[in-house]
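# Observations on chain architecture
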Amino acid sequence: MRIASFGIFILLVFGCGLTALAQDDPIDMVESEIVLPAPASKVIALNHKYDIGEILDVSWESSTSDPELVFGYIIYRSEGDNKFDSVGAVLSKINSFSDEELIPGKSYNYQIGTIGASGVALSEPSEPAIPDWELFNLEMWNIALIGFIICGAVIAYIFSAKAGRKLFIRKIGGLEALEEAVGRATEMGRPILFIPGIQDMDDVQTLAAITILGKVARVVADYDSKIMMPVSRSLVMTSARETIKEAYLSAGRPDAYSDDMAYYVTDEQFGYVAAVNGLMVREKPATCLYLGAFFAESLILSETGNSIGAIQIAGTARPGQLPFFVAACDYTLIGEELFAASAYLSGDPKQLGSLKGQDLGKVVAMVAIVLGTLAATLASAWDIEIMQKFLDNVMLGIFSNH
Amino acid sequence: MEQFGIWLAALLTIGIISFLYKDNILYKACEAIFVGVSAGYWFVTYFWDNLYRKFYLGIQGAELSDQIFLWMAVALGVMMLTRLFDKIGWLSRWPLAFIIGATAGLYMMTYFVSNAFVQIGATITPPPSMETIGDKISFVLIAIGTFCGLIYFFFSKEHKGAFGGAAKVGIWFLMVTFGASFGYTVMSRMSLMLGRFDFLFGEWLGLIK
Amino acid sequence: MKRTELVVSSLIVVALMICKFLLPKPLLFSPLVSTIVTILIGCAFLVIFILTVKGKPIERRIVFLVVGIALVFPFFMKVELPIRISPEVQQVYDKMSSLPAGSKVLAAFDYDPPSAPELQPMADAFMKYAFEHDFKVIMMGLWPQGPQQANQSVEAAWAYNPQWMPDSADEKVYGVDYVNLGFQSGNEFVILRMGESFKSMFPADLYYTAYDSVPLLKNIHNFSNIDWGVNFSAGKPGTVEWVQIAVDRHNLPMSAGNTAVQAPMAYPYLNAGQLIGLMGGMAGAAEFEKLTGHTGKAITFLLSQTYAHVAVILFILIGNVAFFLNKKEKK
């Protein structure tokens, strides 16, 4: 930092020297050699808000000298021992500086050096300041407020579901088809292909897919059908194996389970697609289920599935891939329907409660959009000032990233 | 040697493209090579980037707190491998729980702020220029589309009556969006194909500059 | 393998060998040949249309073949397409051109070779512009192959101006003018940690040089020391994650170049002001090339893509017309 600021200082002085040499009037040059610029004043160091206690914000009033004769400012820092070292430099138009990577709880003073043609004029030192950390970022009160409302609702609904209250969720098209599709594969004596997307277990879509897998695997176990599940992530393979194993256990047929039902292929996207494509045309599954996070492989897989005449059910929250599933599959769970299906099938109070809580979030969003649009329309069409204020201060105050 | 690489890449590309005709021996061979090589590549990448660069180099001269974090990560990684042993296989659930928990926590904030708050704010903020009739129509359309889209994804009420009507409008908006997205994706897929053709006709056959 | 299949595949091999060893290089069609080829493709569509309407839909393999031909033949034609600059690409260029020399730019290469046809032209044009305007470029990747793609864009810049190569007059010095931090696994968590400290995620660069030993990185601790970020993204992790964390949490001014598949997902962030401009797909890359004045592959590919798009549109029209005509007949 010191080297950098010294470098900038040298550059500024060099630049100043060149400027001075470029002057036609030699008298000006002589004057600039003698007169130092007026120093900066009112140097204040304050704790930077909402950080982890490593930053101080330094500000000052600019030098009163002719702006053309001030080339910049050097920021000097002392650790309470009156020994000032330069920690940075800024151009003359700027009058603030954030000093980073300090030690929390330690006291620091600052001095500002105004760089002129003939040298550096030092300001009075600032009062000592101590960098401190804060537990909460109060500027993000709006997010906390809405977050508490929605999370509170989720928790309340979860408890309510656990207490035995039946939570209503509307019927989701395509779910009935799931069992039908598994049944069809059994009748035809052909396997079921389950693809849980190509993302890892840290993707919520993969989690939803694994939950649905539990239900599908149970039906497969009951019907004594065959499931194939090539995956592209090792962690997904681990979870899938556990889920299928549990389904076979609960169906009372643990001996029918085999680890080969879910197996790892490769992390490489198109390598995985090539392998699954090959599997599809050779094994000819009667039912293909694509549930999870998909990318470029969505169309390739569903197109191949279509070409072998399989019943295809897809579900993803990746907007870019939905068009292909909608076009090539028999049923598609669009976006959040995937998560809803997971909650619906599992009947898990946590998932049901989350879904209901999120519905409350959607109500908040819808109300905000109606109020906001109304206010914006009234404000712009009829110049109603109070509406503009409501829009700016209330609505945008809440729905913005401070 | 470089020419050998180009010839090999060209043959493998043709092998994979031959799947468009039908499954064949050449495709099967290419598929096996692709899967094997990519799995190996990932293994090597993770070894050098994670174990060597991030852990081995990272721990040297690091502060004690950073060293502890790195060792904790290694411990979690080793716990994943306990799956290989039946008796202590349950330990592998812990790192899995850690990954899922940490990601859920991160997503909660990022999606809440970037995909919900800022987007609602943008929906109700009139665009800087509302002069033309087109600007006004697009502002209203965005608001209606977002509203009806939210209704479609509302699961606590049956889609009947006016509510069902609004949901239908929502799905229409979604379908129009899918159409646009479809167009973009077709463009992207053509680009992938172009890349390979550029290689075949350029680098391999030398017919294009 | 059937006999006919054997004959056809042998013919293909012979044709390829003729292309490889006998045809003139580079091959360029005269305007007359270009017109004849275009007319022949048009005739093929006419035949397909008649067959489809007659209730004899063509095989899917014919569709693949026609689209393939539509993609390949324009390689050999010399037609310049007019390129209209869209506001979102203009925004990227405006932001980039507003940066003074010496600005620190973070370039995240989050893609792999399959997506390179769309993203590499953007990256190449960016790198040439960055070197030309003396930006200090910090490259990295959240995809394992990203750093290699970054190096390719540096090589493209060297090919454009050999004076930037090592040991040349106007050499761009590794570690001083640009640095490649390499790949780091952890997806969005990497971005999150970089918000606090770059060094914690990249203790060493791609070539195992310690972070503190790289002169360019001396005063770069986190996003607050970066003047502009640009992300070339083909999926996840990519632009969405960069916006959510680096932009929304750490206020990094950022632009993005996306594959066409990804672009619709990035548009909401553009409209909400979270992204400063967006380059989408090949078209975006061609516009960016035109703006920067560094003509590359994107502009060349655009003609092929246009032909292929027309082919796809015609197939959609033929399919729909045949569908409705057959429906009418059935009634």
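In this text, all values refer to a predicted model and were calculated from it rather than measured experimentally. (Residues numbered from 1 in each chain as written. Chains lettered and ligands numbered in written order. Predicted model: local features only at pLDDT ≥ 70, side-chain atom pairs only at ≥ 80, totals over all residues. Heavy atoms only, no water.)

### As for the interface of chain B and chain A
Contacts between the two partners involve 54 residues from chain B and, on the opposite side, 67 residues from chain A. Between chain B and chain A lies a buried interface of about 5,300 Å² when both sides are counted; carbon and sulfur atoms form 74% of it. Interface area lost by chain B to chain A is led by Phe117(B), Ile124(B) and Phe155(B), which between them contribute 16%. Across the pair Glu242(A) and Arg93(B) runs a salt bridge, and its minimum N-O distance is 3.1 Å. (Contact = heavy atoms within 4.5 Å. Buried area = accessible area lost by both parts, 1.4 Å probe. Salt bridge = Lys/Arg side-chain N within 4 Å of Asp/Glu carboxyl O.)

### Structural notes on the interface of chain B and chain C
If you look at the interface, chain B gives 52 residues, while chain C gives 68 residues. When chain B packs against chain C, close to 5,100 Å² is buried across both sides, 67% of that on carbon and sulfur atoms. Three residues, Arg53(B), Leu194(B) and Leu207(B), lead the burial of chain B against chain C; their summed loss comes to 14% of the area buried on that side. At the junction of chain B and chain C, the tally comes to two salt bridges. Two residues, Glu5(C) and Lys22(B), come together in a salt bridge whose shortest N-O distance is 3.3 Å. Listed by contribution, the elements that provide at least two residues to the side of chain B that touches chain C are α1 (2-17), α2 (25-59), α4 (93-124) and α6 (161-204) of chain B. Looking at which element gives the most residues to the side of chain B that touches chain C, the answer is α6(B), with 17 residues. (Helix = DSSP H or I, 4+ residues; strand = E, 2+ residues; numbered from the N terminus.)

### So, helix α1 (residues 3-21) of chain C
Taking 1.5 Å as the rise per residue, α1(C) with 19 residues should run 27 Å; its terminal C-alpha atoms sit 27 Å apart, in good agreement. The elements touched by buried residues of α1(C) are α1 and α6 of chain B. (Expected span 1.5 Å × (residues − 1).)

### Examining empty space enclosed by the protein
Residue and element names in this part refer to chain A. According to the stated counting rule, one finds one cavity of 30 Å³ or more in the structure shown. Estimated volume of the largest cavity: approximately 30 Å³. As for the largest cavity, its lining consists of Gly174, Leu175, Leu178, Ile212, Leu291, Ile313 and Leu333. (1 Å grid on protein atoms, 1.4 Å probe; cavity = no way out; pocket = protein on both sides within 12 Å on 5 of 7 lines; lining within 4 Å. Points joined across faces, edges and corners; volume = space filled by probe spheres on them.)

### A short note on the pattern of salt bridges
Residue and element names in this part refer to chain A. In total, this model carries 22 salt bridges over all chains according to the counting rule given. As a salt-bridge pair, Glu337 and Arg170 come within 3.9 Å of each other at their nearest N and O atoms. Highlighted residues: Glu337 in helix α10 (residues 337-346) and Arg170 in the loop between α3 (141-162) and α4 (175-188), separated in sequence by 167 residues. A salt bridge links Glu336 to Lys362, with the nearest nitrogen and oxygen atoms 2.8 Å apart. One end of the pair, Glu336, is in the loop between β13 (331-334) and α10; the other, Lys362, is in helix α11 (residues 349-382), and 26 residues separate them in sequence. Since its relative accessible area comes to 14%, Glu336 is described here as buried. (Buried < 20%, exposed > 50% of the residue type's maximum accessible area, 1.4 Å probe, protein only.)

### Here's the deal with a nonpolar patch on the surface
Together, Phe43(B), Val44(B), Phe47(B), Trp48(B), Leu51(B) and Tyr208(C) make up a nonpolar patch on the protein surface, roughly 610 Å² of accessible area in all. Note on placement: Trp48(B) falls in helix α2. (Patch = residues over 30% accessible without salt bridge, like charges linked within 9 Å, V, L, I, M, F, W, Y side chains within 5 Å. Areas by Shrake-Rupley, 256 points an atom, 1.4 Å probe, with all protein chains shown as cover.)

### Considerations on the domain arrangement of chain C
Domain boundaries assigned for chain C yield domain 1 (27-79 + 301-330) and domain 2 (87-295). Computed from C-alpha atoms alone, the centre-to-centre distance between domain 1 of chain C and domain 2 of chain C is 38 Å. (Domains from an automatic or database assignment.)

### Digging into the environment of Ala341(A)
In this fold, Ala341(A) is placed in helix α10. For Ala341(A), a relative accessible area of 0% translates into the label buried.

### Overview of the packing of α2(B) against helix α3 (residues 64-81) of chain B
All names here are of chain B. Between α2 and α3, the least distance of the axes is 10 Å, while the angle of their chain directions is 145 degrees. The two elements α2 and α3 cross, and the hand of that crossing is left-handed. Counted together, Lys54, Phe55, Gly58 and Ile59 of α2 and Gln67, Leu70, Trp71 and Val74 of α3 form the full contact between these two elements. (Axes fitted to C-alpha atoms, helices over the stretch in contact; angles between N-to-C directions. Left-handed = near helix turned anticlockwise from the far one by under 90°.)

### Some thoughts on the pairing of strand β2 (residues 136-141) of chain C
All names here are of chain C. Counting buried positions over the six residues of β2 gives five, a clear majority of the element. Across four bridges, the pairing between β2 and strand β3 (residues 178-183) is parallel. Opposite Ile138, over in β3, you have Val179 as the bridge partner. Taken together, β2, helix α6 (residues 146-160) and β3 form a β-α-β motif whose crossover is right-handed. (Pairing = 2+ DSSP bridges. Right-handed = clockwise from strand over helix to strand, strands pointing away.)

### Focus: the sheet that holds strand β12 (residues 311-316) of chain A
Residues and elements named next belong to chain A. Overall, parallel pairing links the six strands, which are arranged β10-β9-β8-β11-β12-β13 in an open sheet. Across the chains shown, the open sheet's two edge strands, defined by having one partner strand only, are β10 (262-264) and β13. Direction aside, the axes of adjacent strands within the sheet are offset by 15 degrees on average. One ladder, built from five bridges, connects strand β8 (residues 192-197) with strand β11 (residues 287-293); its direction is parallel.

### Details of the pairing of strand β1 (residues 104-110) of chain C
Residues and elements named next belong to chain C. With respect to burial, β1 is a largely interior element, six of its seven residues being buried. The pairing of β1 with β2 spans five bridges and is parallel. In the sheet register, Ala107 faces β2, and the bridge partner there is Met139. In terms of handedness, the path from β1 via helix α5 (residues 116-132) over to β2 forms a crossover that is right-handed. As paired elements, β1 and strand β4 (residues 228-233) share six bridges and run parallel to each other. Bridge pairing in β4 links Asp110 to Ser233.

### Some words on the sheet that holds β2(C)
All names here are of chain C. Pairing is parallel across the open sheet formed by six strands, whose spatial order is β3-β2-β1-β4-β5-β6. Edge positions in the open sheet fall to β3 and β6 (278-280), since each of these has one partner strand only. Sheet twist, expressed as the mean angle between neighbouring strand axes with direction ignored, is 15 degrees.

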